[in-house]
Amino acid sequence: MKISLTVNGELRESEIEPRTLLVQYLRENLALTGTNIGCDTSSCGACSMHLNGEAVKSCTILAAQADGCNITTIEGLAKGGKMHPMQEAFMQNHGLQCGYCTPGMVMAAISLLEENANPTEDEVRVGLEGNLCRCTGYHNIIQSVLACAKGGN
Amino acid sequence: MKNSSTTTRSQSREVLGTSALRPDGVAKTQGDFAFSSDFQAENMLWGATLRSPHPHARIVSIDPTDAWRIPGVETIIFADDVPGQATYGLIASDQPVFAQNVVRYMGEPIAAVAADHPETCRRALAAIKIVYEELPVLFDMDLAIDPSTPPIHPDGNVFRHQRIISGDPDIVGDVIVEGTYDIGMQDQAFLGLEAALAYPDPGGAGVELVVATQWLHEDRKQIADCLGMAPEKVRLVLGGVGGAFGAREDISLQVHTCLLALRTGRPVKVQYSREESFFGHVHRHPGRIHLRHHADRNGKLLKVEGWMKLDGGAYASTSSAVLLNGITHLQGPYACDNSRLEAWATRTNNPPCGAMRGFGVVQACFAHEGQMDKLAVALGLSPVEVRLRNAMKTGDKLFTGQVVDSVAPVARCIRETDAIPLPAEPAYGTGSLELPGGSGRTSDPSHIRRGIGWGVSIKNLMYSEGFDDSAEARCTLADGVATLKFATAEVGQGFVVLAQQIARTILGVDTVVLDAIDTQIGSAGSTSASRQTWMSGGAVDGACRLVRERLFEQVAHVHNLNPLQLAVEGTDIVDTLGPLRVPVSEASKGLRIEETFLHRHRPTEELDENGQGNCHVAFAFVAHRAVVDVDTELGLVKVVQIATAQDVGQVLNPLTLLGQIEGGIAQGLGLAVMEEIVVDRGVVKNPSFTDYLLPTALDAPDVVAIPIEEYEPLAPLGAKGVGEPPCISVTPAIVAAIRNATGRDITRTPVRPQDICLPT
């Protein structure tokens, strides 16, 4: 089947098999491998990206369901060679180790701040509960999000 | 160093001791970092593995006819298609690449297929007809130890039996406490699923494999043996590693991927799903430990006696080394002369177990810390006091006869942890997400009781028992830029930033380029056993020092000075006895100095039949205090705070150190209250992240961490490995806190709701 969607500001028209998951479409058809697969069961959030401006897990959506939608992946955040402030905050605050959860975390964290620009630490914890990290124990991730909210690194 | 404090980065150069930023941070936050799952090749095929649904069965027949007929299938391979050695293994080569006549665990590989698409692979696997004759499942450790049980493998049902007898094993204490402890099977649960891409050389003369692993050279050796090739024909490149924690020390898809590529003459990629990952790698050994502690009236430990049984599952992996670590750490971080201990690692039809962060010591610590609390109660002492009265110090002798010559600030770890303020009393509103049970919102604040518990541990660093796990590194200095080459697997721990910090400090350069991590240099050993800061850090340090010596010789020659009076100060070379000051960038202009250094730790010995011998290299220590809130009606637990003081030697990067401490604590919390692979008669019941629960941001406790910074003279950088200690004694601390809150004598981990509210 044919789908047409906007990915990182670019209109993409593709012929896909109907069974294709959105994350497979992004990784295999468009070679946008920044979005990772960690569990296949929407438990870990490594595949989080923005669908019409909201963070969703792309392993449980068919690419066909995203037809006509506007998608932003981790690769689409940096503008004019400048990192998104959330990416900068994760880097400066050691909000990552292996980095596998990082793209999904960053996408979820941006979505969180769009809903609540100045969250408390507890609100950040609640907001990121759907994204697993196995390396950091979450502390530096939460510090990264709080630092970004405060506008500093 | 408190987790909630704001980080202010120093504007100074990112040398040792600063929280230098990771060089891979930009790529990892932008989605540009290439994990092993991200690699693709022109004309690439996909591979997949057929696995046994039974824990123990005879393979009566295999019929792949229908699978071969599926369009897009390029090859199907079985045990007979393995050209070299039919088996592999880290210590004993006892695990078949593909099962031949019998399968010994659920998920054991039987065949692999290469096809044009992952879906074609799955259809082909489903079309392979296999007739099994199910065999009795050996799932019990005691039956495995019983010599009358028929062996399920030609090598027998016991991987290792070891005893330790020291001092006066017949001494009897004034106070005796006894307990039996059970530890569940934990999964490393790294997020980055197993993936590899193999490129065959023209004519099949060799192969290159991009893979996420902990130890490139050991993988290469095992792959080459199974392919029947010389090791130099097999080249490994580290694909980005999405966490490891021990699960990438063994072979999983490496041999299968290479075989498929060589057979088809095309690049082949294999990538596991989460479910397959649970079957594709080894887990932490479950076990049962029985201990009897003897003490005098003053609380001084007199003797530890008892036994330990660890279930290694179907194949050897590192079971014998895990068992050594287990039995030699049953003593805990406490001085004691007398012991009588016995331990077995068994082979069963359960999933194979091997390395996971803590490596046998997690199990031992859960038991010895339960015992220390029992001793405190029997003596009328506090948990802190009983531990302080027995705290090990430098110069003490272990049950093995080995003298602890590492820095050993055990009492200081306990005292500094004890001095950390306790968290505020709970003030929960109904439905608060902070309540035990989190977003389940079922907990009732009136049922909540708070508890406090302790755990203290000792952990060996590096490999043991005579193993030479050396590490090699190369440093090249040219025009003020240092380039480092090593085969050290960066799995997330941050060795890449440490290596740069070392080079900047030693050489006075700012730009440090890291060459590809691959097998084009000697082995760095495994990224495990808390060893890379010490071993690969020592190798990078050594290579940089050799380069600096040659640079000093050049500068001394030009300026007619003695090179011994030169030193690096910031980014300059200075004459310590005169006015000369020349920037390193200038001094190295037009030069190219290259040196390679092989770092070895001091030799160790195997244990004798009574468990005597200097088997370990060095030790690190840590204390944990846990505060928990327990809903006693529902059996739900919220870990409120973990206070910890850890013996780390010299601090080299405060923020990466804190990241190791906090991450390790979260994994230890998982083993305490959440994480268990449920196995019923060899059948895995929960191979998914829906049913195997990992700590989330809401489960992670407040962590207050104090690094105990005492320079370790044995270590090349004065720094101890810090990766494993955080996850070891936090588990018994949390379980002790649950005992304290509930009054229940809980003896197994993870603690399940029924262990709290429905005790037997």
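In every chain, residue numbers begin from 1 and rise along the written sequence. Whichever chain is written first becomes A and whichever ligand is written first becomes 1, with later ones labelled in order. The predicted origin of the model limits local features to residues at a pLDDT of at least 70 and limits the giving and counting of side-chain atom pairs to 80 or more, whereas totals for whole chains, interfaces and linings rest on all residues. Values shown for side chains rest on all heavy atoms present in the structure; no hydrogens or waters enter the calculation.

**Some points on the confidence of the model for chain B**
- For chain B, the average pLDDT comes to 96, and 98% of its residues sit at 70 or higher.
- Every residue is assigned a pLDDT by the predictor, reflecting its confidence on a scale from 0 to 100. The criterion used for residue contact is that any of the two residues' heavy atoms lie within 4.5 Å. Within the model, the stretch residues 1-11 of chain B combines pLDDT values under 50 with 22 contacts to residues more than four positions away or in other chains.

**Quick notes on the environment of Phe486 of chain B**
All names here are of chain B.
- To qualify as a helix, a DSSP run of H or I must reach at least 4 residues; to qualify as a strand, a run of E must reach at least 2; elements of each kind are numbered from the N terminus. Position of Phe486 among the secondary structure elements: in strand S20 (residues 481-486).
- Each C-alpha atom, one on Phe486 and one on Leu658, is 25 Å from the other, the two residues being 172 residues apart in sequence.
- When residues no more than four places from it in sequence are discounted, the contact partners of Phe486 are Glu472, Ala473, Phe495, Ala499, Leu514, Ala516, Ile517, Asp518, Ile521 and Val540.

**Some words on the interface of chain B and chain A**
- Contact residues are listed per partner, giving 66 residues for chain B and 46 residues for chain A.
- For the chain B and chain A pair, buried surface summed over both sides reaches about 4500 Å², with 55% attributable to carbon and sulfur atoms.
- When residues of chain B are sorted by the area they lose upon contact with chain A, Thr29, Leu191 and Ala697 of chain B head the list and together hold 16% of the total.
- For salt bridges, the criterion is a side-chain nitrogen of Lys or Arg within 4 Å of an Asp or Glu carboxyl oxygen. The interface formed by chain B and chain A contains two salt bridges.
- The salt bridge partner of Glu675 of chain B is Arg134 of chain A, with a shortest N-O separation of 2.7 Å.
- In protein, a polar contact means a hydrogen-donor-capable atom and an acceptor-capable atom, both N or O and within 3.5 Å, with residues adjacent in sequence counting only if both atoms are side-chain atoms; elsewhere, any N or O pair within 3.5 Å suffices. The interface formed by chain B and chain A contains 20 residue pairs in polar contact (both at pLDDT 80 or more).
- Among the elements of the structure, helix H1 (25-30), helix H3 (118-127), helix H15 (654-673) and strand S30 (702-708) of chain B are those that each provide at least two residues to the side of chain B that touches chain A.
- Its residues assigned to classes, the side of chain B that touches chain A shows 26 nonpolar, 28 polar and 12 charged. Values labelled buried area give the accessible surface lost by two parts on being combined, using a 1.4 Å probe and summing over both. Gly is put with the polar residues, along with every residue not named as nonpolar or charged; the nonpolar set is Ala, Val, Leu, Ile, Met, Phe, Trp, Tyr, Cys and Pro, and the charged set is Asp, Glu, Lys and Arg.

**Considering unusual backbone geometry**
- Look at the link from Thr749 of chain B to Pro750 of chain B: it is a cis peptide, with omega at 0°.
- Tracing the backbone through its elements, the reader meets Pro750 of chain B in the loop between strand S31 (748-749) and helix H17 (753-757).
- Not every positive phi belongs to a glycine, and Ser42 of chain A is a case in point at roughly 55°.
- Along the polypeptide, Ser42 of chain A turns up in the loop between helix H1 (22-29) and strand S3 (48-51).
- We note that Ser317 of chain B has phi near 40°; this positive angle belongs to a residue other than glycine.
- Considering the arrangement of structural elements, one finds Ser317 of chain B in the loop between strand S16 (301-311) and helix H8 (319-328).

**Some thoughts on the packing of helix H12 (residues 495-507) of chain B against helix H13 (residues 532-559) of chain B**
All names here are of chain B.
- To define axes, lines are fitted to C-alpha atoms, for helices over the stretch in contact only, and angles between the resulting N-to-C directions are given on a 0 to 180 degree scale. Where H12 meets H13, the axes come as close as 9 Å, and the angle between the chain directions of the two elements is 30°. Taken together, the axes of H12 and H13 are roughly parallel relative to one another. Our pair here, H12 against H13, has a crossing hand that is right-handed. Residue-level contacts link Phe495, Leu498, Ala499, Ile502, Ala503, Ile506 and Leu507 of H12 to Gln532, Thr533, Ser536, Gly537, Val540, Asp541, Cys544, Arg545, Val547 and Arg548 of H13.
- For the contact of H12 with H13, the per-class residue count stands at 10 nonpolar, four polar and three charged. When describing relative orientation, an angle under 35 degrees is termed roughly parallel and one over 145 degrees roughly antiparallel, while 65 to 115 degrees is termed roughly perpendicular and anything else oblique. The hand of a helix crossing depends on one turn: near helix anticlockwise from the far one by less than a right angle means left-handed, and clockwise means right-handed.

**Section: the side chain of Arg27 of chain A**
- Turning to its location among the elements, Arg27 of chain A is positioned in helix H1.
- Judged by relative accessible area, which is 5%, Arg27 of chain A ranks as buried.
- Within the local environment of Arg27 of chain A, its side chain forms a polar contact with the backbone oxygen of Thr35 of chain A, the two atoms lying 2.9 Å apart.
- A polar contact is formed between the side chain of Arg27 of chain A and the backbone oxygen of Ser37 of chain B, at a distance of 2.9 Å.
- If near-sequence neighbours (up to four positions away) are discounted, Arg27 of chain A is found in contact with Leu32, Thr33, Thr35, Asn36 and Ile37 of chain A together with Ser37, Asp38 and Gln40 of chain B. Remark: exposure states derive from per-residue accessible area (1.4 Å probe, protein chains only) relative to the maximum for the residue type, with buried under 20%, exposed over 50%, and partly exposed in between.

**Brief notes about the sheet that holds strand S1 (residues 45-51) of chain B**
Residues and elements named next belong to chain B.
- Strand order in the open sheet formed by seven strands is S3-S7-S1-S14-S11-S12-S13, and the pairing between neighbours is mixed. Looking at the sheet topology across the chains shown, the edges are occupied by strand S3 (73-77) and strand S13 (234-238). If you compare each strand with its neighbour and ignore which way they point, the axes differ by 20° on average.
- As defined by bridge partners, strand S11 (residues 195-200) adjoins strand S12 (residues 207-211) across five bridges and the pair is classed as antiparallel. The residue bridging Ala198 from the neighbouring strand is Leu209, located in S12.
- Contacting S12 and S13, helix H5 (residues 216-227) runs over the sheet at an angle of about 145° to S13. For two strands to count as paired, DSSP must find a minimum of two bridges between them.

**Some thoughts on H5 of chain B**
Residues and elements named next belong to chain B.
- With 12 residues, H5 extends 16 Å between its outermost C-alpha atoms, agreeing within 8% with the 16 Å of an ideal straight helix rising 1.5 Å per residue.
- Along H5, the residues that are buried comprise Leu216, His217, Glu218, Asp219, Arg220, Gln222, Ile223, Ala224, Cys226 and Leu227.
- Those residues of H5 hidden inside the fold are in contact with strand S4 (87-88), S12, S13 and helix H6 (254-264).
- In the stretch just after H5, Gly228 is the one whose phi turns positive, near 70°. By this rule, a helix spans an expected 1.5 Å times one less than how many residues it contains.

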